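# Results of the structural survey
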Amino acid sequence: MVDIEFEDRRGSRFQHQDLRGAQFVRDRMGGAEFRDVGLQGVRMRGVELTDAEIDGEIDGLTIWGVEVAPLLVAELDRRHPERAALRARTPDELRAGYEALVAVWDTTIARARTLPPGTVDVSVDGEWSFTETVRHLVLATDAWLNLAILRREQPFHPLGLLFWQAQGLEDRYGLVPLGTPVTLDEAVGARADRVAQVRAYLAGLTDDELERDAGHDPWGDGGADEPTVTVRQCLGVIFEEEWQHHRYATRDLATIATRA
């Protein structure tokens, strides 16, 4: 076997690099981490993908010639019936779907309260803690309901937590910054207020309202060429945030328990 001498780049950090079309040949990447990386159209041949974890927006991925996303979605639906909320289309389906999502969160919050002190404030691999995740759900509701749909003058609760790309802009939205001590009780109290707002809005939801143009994406630049979003799409984002962040939160709580 040919003896290959590798350049040692272990521990290096590559950020904001445009590597489109680059080739990685006979490289050692065990234990590497890819976070918020665009991998559209990536081709992998002869790779050793053992004990790897992939999490993100997956569409059109084939492994051994089989498209895997439909299989994953079917398995998730089997394990989590509340995912039906993500396919809700009528006002009644949306109301029932939201209640199902809130119910699983209520159950998980109740379980989190029984864990050893400090567990809800532990970050796993740089991700948000449980308390921070609850705060982000407040922010997501404010952005897509209170700002995008209802156009309220002061849409944001101060305890809402911005996604990482927007952190540093807390003053613009009247939010307390990341790192400010916030208890789980405070975060859950803010969430309860926002859940009540969503329920109140859904109670009067009609088919016509669902198709109403809600303007531009609340996080977009508002340019003339930027597409607008409907009320249905805004609610879809809220529901997706509820589901996905519940998955992240329960995953991290399980990791904390395993490490303990």
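For the structure, see preceding data.
Read on for a plain summary of the structure. (Residues numbered from 1 in each chain as written. Predicted model: local features only at pLDDT ≥ 70, side-chain atom pairs only at ≥ 80, totals over all residues. Heavy atoms only, no water.)

### Looking at the environment of L159
For clarity, the cut-off: Numbering goes from the N terminus for both helices and strands, where a helix is a DSSP run of H or I of at least four residues and a strand is a run of E of at least two.
Mapped onto the elements of the fold, L159 is located in the loop between α3 (130-147) and α4 (170-173). For the pair L159 and E240, spaced 81 residues apart in sequence, the C-alpha separation works out to 20 Å.

### What about the layout of surface pockets?
Let me state the cut-off plainly: Here a cavity denotes grid points, spaced 1 Å and computed from the protein atoms alone, that fit a 1.4 Å probe unable to get out, and a pocket denotes an open set having protein on both sides within 12 Å along at least 5 of 7 lines; residues with an atom within 4 Å of a point are the lining. Grid points are joined across faces, edges and corners, and a volume is the space filled by probe spheres set on the points. Put simply, Ala, Val, Leu, Ile, Met, Phe, Trp, Tyr, Cys and Pro go in the nonpolar bin, Asp, Glu, Lys and Arg in the charged bin, and everything else, Gly too, in the polar bin.
What the second largest pocket holds in volume is close to 220 Å³. A85, L86, R87, A88, R89, L94, R232, L235, G236, F239 and E240 together form the lining of the second largest pocket. Looking at the lining of the second largest pocket, the element that brings in the most residues is helix α7 (residues 231-259), giving five residues. Looking at the lining of the second largest pocket, its residues break down into six nonpolar, one polar and four charged.

### Here's the deal with the environment of V102
Which entries qualify depends on this criterion: Relative accessible area decides the class of each residue, using a 1.4 Å probe on protein chains only: under 20% of the type maximum gives buried, over 50% gives exposed, and in between gives partly exposed. Residue contacts follow a heavy-atom distance rule, with two residues in contact if any of their heavy atoms lie within 4.5 Å.
Tracing the backbone shows V102 in helix α2 (residues 91-112). Overall, the relative accessible area of 3% leaves V102 in the buried class. Sequence separation between V102 and E82 is 20 residues; the distance between their C-alpha atoms is 9.6 Å. Ignoring sequence-local partners within four residues, the contact set of V102 consists of R191, V195 and R199.

### Some thoughts on the nonpolar core
What counts is decided by this rule: By nonpolar core is meant a set of buried Ala, Val, Leu, Ile, Met, Phe, Trp, Tyr and Cys residues that side-chain atoms within 4.5 Å join together.
Formed by 31 residues in total, the largest nonpolar core has its most connected members in Y201 and L235. Looking at this core, the elements with two or more residues in it are α2, α3, α5 (184-203) and α7. For this core, the element with the most residues is α7, which contributes six residues. If we skip the residues at most four places from it in the chain, L235 touches L94, I149, Y201, L202, L205 and L210. Residues I109, A112, V138 and L184 belong to the second largest nonpolar core, which totals 16 residues.

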